[in-house]
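Structural overview
If you want the building blocks of each chain, they are given just below.
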Amino acid sequence: MFKFRTLAADAETRLGPYLGEELTRLTVDETTRMGRLLRASHLDELPQLFNVLAGDMSLVGPRPIRPAFFEQLCEKVPQYWQRLVVPPGMTGFAQLRITREMTWEEKLAHDLEYIADRSPRLYLKVVLDTLASLPDRVRGSS
């Protein structure tokens, strides 16, 4: 998956074992100045359009997760692998409905709801809702 680099060199090594709120807190110190701007504007996601055009991702679907986290989550939440039924997406149902502080089980429930109910209409709704939420997210109210 393509993304602009927003973290300091080797940050993944230092942040590797952390998840959830602790990861969110520690990531602040690892984010570069330019990375803060890219993340705040969501421009760090723009290179993923190449993945969509290549067919590796969809605009809508469960957000991709790093392989090490995926393995841990499959052990902790046995149903977690079911997210692989559809391609990962640049945006997803869960991202529109949850916060970073919610549990992986809660995020999975929203991903599985999208997978079960997916349709062209729901796909379009998620895209439009994501576009509508961007101004609020850039201002920092989400």
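Residues numbered from 1 in each chain as written. Predicted model: local features only at pLDDT ≥ 70, side-chain atom pairs only at ≥ 80, totals over all residues. Heavy atoms only, no water.

1. Thoughts on the overall build of the protein chain
Stated precisely, the cut-off is as follows: Going along the chain from the N terminus, every DSSP run of H or I of four or more residues is numbered as a helix, and every run of E of two or more is numbered as a strand. Put simply, the radius of gyration uses C-alpha atoms, and a globule should come to 2.2 Å times the residue count raised to 0.38. Each residue's exposure class comes from its accessible area (1.4 Å probe, protein chains only) as a fraction of the maximum for that residue type: buried when under 20%, exposed when over 50%, partly exposed otherwise. Pairs of residues are marked as contacts when any of their non-hydrogen atoms sit within 4.5 Å. Here the Shrake-Rupley method, with its probe set to 1.4 Å, supplies the accessible areas, and only the displayed protein chains count as covering residues. The charged-residue count follows a simple rule in which Lys and Arg add positive charge and Asp and Glu add negative charge, with His and chain termini not counted at all. The atoms used to mark charge sites are NZ of Lys, CZ of Arg, CG of Asp and CD of Glu.
Secondary structure assignment for the protein chain yields eight helices and two strands. Mapped in sequence order, the helices and strands of the protein chain form the string α-α-α-α-β-α-β-α-α-α. Here the C-alpha radius of gyration of the protein chain, 15 Å, is about what a compact globule of 142 residues would show, namely 14 Å. For the protein chain, with 142 residues in total, the buried portion stands at 33%. Sequence separation of 24 or more characterises 68% of the internal contacts of the protein chain that already satisfy a separation of 6 or more. A total accessible area of about 9,100 Å² is found for the protein chain, and carbon and sulfur atoms account for 60% of it. Positive and negative side-chain charges in the protein chain, numbering 19 and 19 respectively, have mean positions lying 4 Å apart.

2. Considerations on the side chain of Arg 83
For clarity, the threshold we go by: Residues adjacent in sequence count toward polar contacts only when both atoms are side-chain atoms; beyond that, a polar contact is any pair of N or O atoms within 3.5 Å, and within protein one must be able to donate a hydrogen and the other to accept it.
Among the secondary structure elements, Arg 83 is positioned in the loop between helix 5 (67–76) and strand 2 (89–91). Engagement of the side chain of Arg 83 in a polar contact is seen with the side chain of Asp 111, the distance being 2.9 Å. Excluding residues within four positions of it along the chain, Arg 83 makes contact with Pro 62, Arg 63, Ile 65, Leu 108, Asp 111 and Ile 115.

3. As for helix 2 (residues 20–30)
Defined as follows: Here the arc refers to the directions that run from the helix axis out to each C-beta atom.
Buried within helix 2 we find Leu 23, Thr 27 and Glu 30. For helix 2, the buried positions fall inside an angular range of 55° around the axis, keeping them on one side. Facing away from the buried side of helix 2 by more than 90 degrees, the exposed set consists of Glu 21, Arg 25 and Asp 29. Those residues of helix 2 hidden inside the fold are in contact with helix 1 (11–15), helix 3 (33–41) and helix 5.

4. Things to note about the packing of aromatic side chains
In plain terms, the rule: Ring pairs are drawn from Phe, Tyr and Trp, using the six-membered ring of Trp, whenever the two centres fall within 6.5 Å, and their geometry is named by plane angle: stacked under 30 degrees, edge-to-face over 60, tilted for the rest. The criterion is that NZ of a Lys, or CZ of an Arg, lies within 6 Å of the ring centre and within 35 degrees of the ring normal, and then a charge sits over that ring.
Under the criterion given, the structure shown has three aromatic pairs. On the numbers, 6.3 Å between centres and 80° between planes, the contact of Tyr 80 with Trp 104 is edge-to-face. With Tyr 80 in the loop between helix 5 and strand 2 and Trp 104 in helix 7 (residues 104–117), this pair connects stretches of sequence that are 24 residues apart. Residue Tyr 80 is classed as buried on the basis of its relative accessible area of 2%. Among the residues examined, Trp 104 registers a relative accessible area of 18% and is labelled buried. Among the aromatic residues, those joined into a cluster by ring pairs are Phe 70, Tyr 80 and Trp 104. Sitting over the face of the ring of Trp 104, Lys 107 holds its NZ or CZ atom 4.5 Å from the ring centroid.

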